[in-house]
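The residues making up each chain are set out below.
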Amino acid sequence: MTPISFVIPSYNNLRYLKNAYTSIRKYAGPEHEIIVLDDASVDGTIEWLHTLKDENLVIWQNTNDRLGHTITYNIGGRMAKNSIFTILHADMFIGPNYVQNALKHLKPGTVVSATRIEPPLHPEGNEVERYRDW
């Protein structure tokens, strides 16, 4: 299988980042690179990441003022060692066949986008459409 890089920015989202990481290793496997970009978290994210014994985990830490998701996505994309990378939020996780399904639709010069369902985990805001009738 073609190895890909998972780019995951995170800010004080350790609780969910653990699920994201676990889902990638469970459903994608150990050969894929995971790049976690910690954007000045104070919730123990860096400490937890350093406990993981994972040769395909890349940790980037911002110790200054927060940069935000857009900038950290760009940093992660530049860091990716694989020619294909995917972006996840720290509170997202993948399911079975995520990589296989993405790769079967990918053609040179294209972008493959997945649909996500945002459960009501975060405070109200206009930035995300939420699905409430589960």
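Below or above, wherever it landed, is the structure these notes cover. Keep in mind that what you see is a predicted model, and the values were worked out from it rather than measured.

1. Quick look at the sheet that holds strand E4 (residues 85-87)
Read from one edge to the other, the open sheet built from four strands follows the order E3-E2-E1-E4, with strand pairing classed as parallel. Of all the strands in the sheet, the pair left with one neighbour each is strand E3 (57-62) and E4. The mean inter-strand angle of the sheet, taken between neighbouring strand axes irrespective of direction, is 20°. Pairing analysis gives six bridges linking strand E2 (residues 33-39) to E3, with the strands arranged parallel. Each bridged residue has a counterpart across the sheet, and for Asp39 the counterpart in E3 is Asn62. Helix-sheet contacts for helix H3 (residues 69-79) involve strand E1 (5-10), E2, E3 and E4, and the interaxial angle to E2 is about 145°.

2. Notes on the packing of aromatic side chains
Across all of its chains, the model carries two aromatic pairs by this definition. With centroids separated by 5.8 Å and ring planes inclined at 90°, the aromatic side chains of Tyr21 and Trp48 adopt a geometry described as edge-to-face. Remark: Trp48 occurs in helix H2 (residues 45-49) and Tyr21 occurs in helix H1 (residues 14-27); sequence separation between them is 27 residues. This pair shows no difference in class: Tyr21 is buried, exactly as Trp48 is. Residue placement shows Arg66 over the ring face of Tyr11; its charged tip is 3.8 Å from the ring centre.

3. A word on the nonpolar core
Grouped together as the largest cluster of nonpolar side chains are 18 residues, with contacts concentrated most on Phe6, Ile8, Leu17, Ile24, Ile34 and Leu49. If you list the elements that add at least two residues to this core, you get E1, H1, E2 and H2. Take this core: its biggest share by element is four residues, from H1. When near neighbours in sequence (up to four residues on either side) are disregarded, Ile34 contacts Phe6, Ile8, Tyr21, Ile24, Arg25, Asn56, Leu57 and Val58. Counting residues in hydrophobic clusters, the runner-up holds five residues, among them Ile35, Leu37, Ile75 and Ala80.

4. So, the pairing of E1
Extensive coverage of E1 is indicated by the burial of six of its six residues. Note: E1 against E2, six bridges, orientation parallel. Paired with Ser5 across the strands is Glu33, a residue of E2. On the question of chirality, the crossover connecting E1 to the parallel E2 by way of H1 is right-handed. When E1 meets E4, the two strands line up parallel, connected through three bridges. Across the sheet, residue Val7 finds its bridge partner in E4, namely Ile87.

5. Describing the environment of Ile75
Residue position: Ile75 is located in helix H3. Separated by 68 residues in the primary sequence, Ile75 and Val7 have C-alpha atoms spaced 9.1 Å apart. The contact partners of Ile75, leaving out residues within four places of it in the chain, are Leu37, Trp60 and Leu67.

6. Focus on the pattern of salt bridges
Counted according to the given criterion, the structure contains two salt bridges. With a closest N to O distance of 2.8 Å, Asp54 and Arg25 form a salt bridge. Taken as a pair, Asp54 in the loop between H2 and E3 and Arg25 in helix H1 lie far apart in primary sequence, 29 residues in all. There is no split in this pair, since Asp54 and Arg25 are both buried. Its salt-bridge partner being Asp39, residue Arg66 comes within 3.8 Å of it at the nearest N-O pair. In this pair, Arg66 is assigned in the loop between E3 and H3 and Asp39 in strand E2, connecting sequence segments 27 residues apart. Residue classification places Arg66 among the partly exposed residues on the basis of a relative accessible area of 42%. Residue classification places Asp39 among the buried positions, given a relative accessible area of 2%.

The rules behind these values
- Residues numbered from 1 in each chain as written.
- Predicted model: local features only at pLDDT ≥ 70, side-chain atom pairs only at ≥ 80, totals over all residues.
- Heavy atoms only, no water.
- Pairing = 2+ DSSP bridges.
- Helix = DSSP H or I, 4+ residues; strand = E, 2+ residues; numbered from the N terminus.
- Axes fitted to C-alpha atoms, helices over the stretch in contact; angles between N-to-C directions.
- Contact = heavy atoms within 4.5 Å.
- Phe/Tyr/Trp six-rings, centres within 6.5 Å; stacked < 30°, edge-to-face > 60°.
- Buried < 20%, exposed > 50% of the residue type's maximum accessible area, 1.4 Å probe, protein only.
- Lys NZ or Arg CZ within 6 Å of the ring centre and 35° of its normal.
- Core = buried A, V, L, I, M, F, W, Y, C linked by side-chain atoms within 4.5 Å.
- Right-handed = clockwise from strand over helix to strand, strands pointing away.
- Salt bridge = Lys/Arg side-chain N within 4 Å of Asp/Glu carboxyl O.

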